[in-house]
Amino acid sequence: MDRLLFVALVAFFVSSPAGAQQDSAAPGERNFRACAACHSLEPDRNMTGPSLANLWGRKAGSLPSFDRYSDALKASGIIWDDRSLDAWLTDPAHMVPDNEMPFEGIKDSRARADLLAFLKEATKPGAAPERTAENRMNGMGGMMGGMMGGGRAPNLKDLDPSQHVTGITHCRDTYRVTTADGNTRHFWERNLRLKTDSGQDGPQSGAPAIVPAGMMGDRADVIFAAPEEISKSIEPRC
Ligand code: HEC
């Protein structure tokens, strides 16, 4: 994506009705945006942090599909309920020293109460996640999620031709990335990150995706279905 298109997209995002809609959300849902970059409300959709679906009554650190819990959280013995969640969101590091949630806490008790009221409903079994803050970002098209760093990661199984990487070459300090729409972009090698997503939102095997990263338009991520695809897909050629 060229720089102009990027700027246009940002302008669209800032001025679009979708942005206005977000602000009419209930306060608790709005507060959940502080969490949505790391937590989904859909069962077993894990990101930086575990899915929060069915949170009430769950033992801390116990979601079987999440592989990255700290020992501290797993050993805490906490059962999540109104009181324990209020303490956790006030000051996670105080409640569970050495936990690995990179979040400093919400000091405003009203904001915590609003957030917990929203979460209690939204994490109930069968609660429809479509209307939550995390997915509104997605309505902006998959690219915005990656660009703004918030909301649920875009699904990369069904790619727009401009996102579908068909070839990558490497020459000296430069990658050239060709996409299915026929465009080729070049990147300084330190500005292109090579990642994997083997999960349900990850790309199809053999169809890596390019997603803009950062705010300047000079960086991107290429996301592959599996680590072994990475070097196979990059051809050393000048
Ligand atoms: C930058 C990422 C990030 C943000 C932002 C974040 N979390 Fe977390 N969260 C994590 C990680 C990582 C863990 C696992 C911590 C550990 O194992 O020590 C976690 C754990 C949790 C847990 C425990 C879940 C369990 O299965 O035991 C809850 C509850 C939680 N977060 C709620 C929230 C809420 C609510 C917010 C927003 C106010 C939030 N988090 C913001 C990353 C984040």
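Residues numbered from 1 in each chain as written. Predicted model: local features only at pLDDT ≥ 70, side-chain atom pairs only at ≥ 80, totals over all residues. Heavy atoms only, no water.

## Quick word on helix H6 (residues 82–90)
What counts here: A simple rule labels every residue: compare its accessible area, found with a 1.4 Å probe on the protein chains alone, to the largest value its type can have, and call it buried under 20%, exposed over 50%, or partly exposed in between. Secondary structure counts use DSSP, requiring at least four H or I residues in a row for a helix and at least two E residues in a row for a strand, with both numbered from the N terminus. In this context, the arc is that of the directions from the helix axis out to the C-beta atoms. By definition in these notes, contact holds between two residues if any of their heavy atoms fall within 4.5 Å.
Ser84, Leu85, Trp88 and Leu89 are the residues of H6 that are buried. On an axial view of H6, the arc spanned by its buried residues comes to 130 degrees, and they lie on one face. Buried positions along H6 lie against helix H5 (71–74), helix H7 (92–95) and helix H8 (109–122).

## Re the pattern of salt bridges
What counts, and what does not: Salt bridges, as used here, are contacts in which a Lys or Arg side-chain nitrogen is within 4 Å of a carboxyl oxygen on Asp or Glu.
Per the counting criterion, the structure on display carries 11 salt bridges. Here arginine 45 ties to glutamate 42 by a salt bridge, and the two come within 3.2 Å at their closest N and O atoms. By relative accessible area, which is 9% here, arginine 45 ends up buried. Relative accessible area serves as the criterion here: at 13%, glutamate 42 is assigned to the buried category. A network of salt bridges, in which partner residues are shared, links Glu42, Arg45 and Asp201.

## As for the sheet that holds strand E3 (residues 184–188)
Selection criterion: Should DSSP find at least two bridges between two strands, the strands are regarded as paired. Helix axes use the C-alpha atoms of the stretch in contact, all axes being lines fitted to C-alpha atoms, and the angles between their N-to-C directions lie in the range 0 to 180 degrees.
Taken in spatial order, the four strands of this open sheet run E3-E2-E1-E7, and their pairing is mixed. With one partner strand each, in any of the chains shown, E3 and strand E7 (234–236) form the two edges of the open sheet. Mean inter-strand twist for the sheet, computed between neighbouring axes without regard to direction, equals 25 degrees. Inspection of the sheet shows strand E1 (residues 165–171) paired to E7 by three bridges, in the parallel sense. In the strand pairing of E7, isoleucine 168 is matched with isoleucine 234.

## Focus on the coordination of the iron atom of the ligand
Ideal coordination angles are 109.5 degrees for a metal with four donors arranged tetrahedrally and 90 or 180 degrees for a metal with six donors arranged octahedrally. Worth spelling out the cut-off: Here the term donor refers to an N, O or S atom within 2.8 Å of the metal (or 3.2 Å for Na, K and Ca), and because water is left out of the atoms, sites may appear incomplete. Labels for metal geometry use angle windows, namely 85 to 135 degrees for all angles of a four-donor tetrahedral site, and for square planar (four donors) or octahedral (six donors) sites opposite donors over 155 degrees apart plus all others within 65 to 115; sites meeting none of these are irregular.
Every protein donor of the iron atom of the ligand is accounted for by His39 (NE2) and Met101 (SD), and the metal-donor separations fall at 2.0 to 2.1 Å. Bound by six donor atoms, the iron atom of the ligand shows angles of 86 to 177 degrees at the metal and therefore octahedral coordination geometry. Of this pair, histidine 39 sits in the loop between helix H4 (33–36) and H5 while methionine 101 sits in the loop between H7 and H8, placing them 62 residues apart in sequence. Residue histidine 39 is classed as buried on the basis of its relative accessible area of 10%.

## Looking at H8
Using the following cut-off: The span you would expect from a helix comes to 1.5 Å times its residue count less one. Counting of polar contacts relies on pairs of N or O atoms within 3.5 Å, with two restrictions inside protein: one atom must be capable of donating a hydrogen and the other of accepting it, and residues adjacent in sequence are counted only when both atoms are side-chain atoms.
Spanning 14 residues, H8 covers 20 Å between terminal C-alpha atoms, matching the ideal 20 Å at 1.5 Å per step. Those residues of H8 lying buried are Ala111, Arg112, Asp114, Leu115, Leu116, Phe118, Leu119 and Ala122. Those residues of H8 that are buried lie in contact with helix H3 (27–31), H4 and H6. Where H8 starts, the residue carrying a side-chain oxygen 2.9 Å from the main-chain nitrogen of arginine 110 turns out to be aspartate 108.

## A word on the sheet that holds strand E6 (residues 219–224)
Strands sit in the order E4-E6-E5 across an open sheet of three strands; the sheet is mixed. Two strands lie at the open edges of the sheet, namely strand E4 (192–196) and strand E5 (209–213), each paired on one side alone. Strand after strand, the sheet turns through a mean of 25 degrees between neighbouring axes, direction not considered. In this structure, E5 lies alongside E6, joined through five bridges in antiparallel fashion. Within E6, the position partnered with valine 211 by the bridge is aspartate 221.

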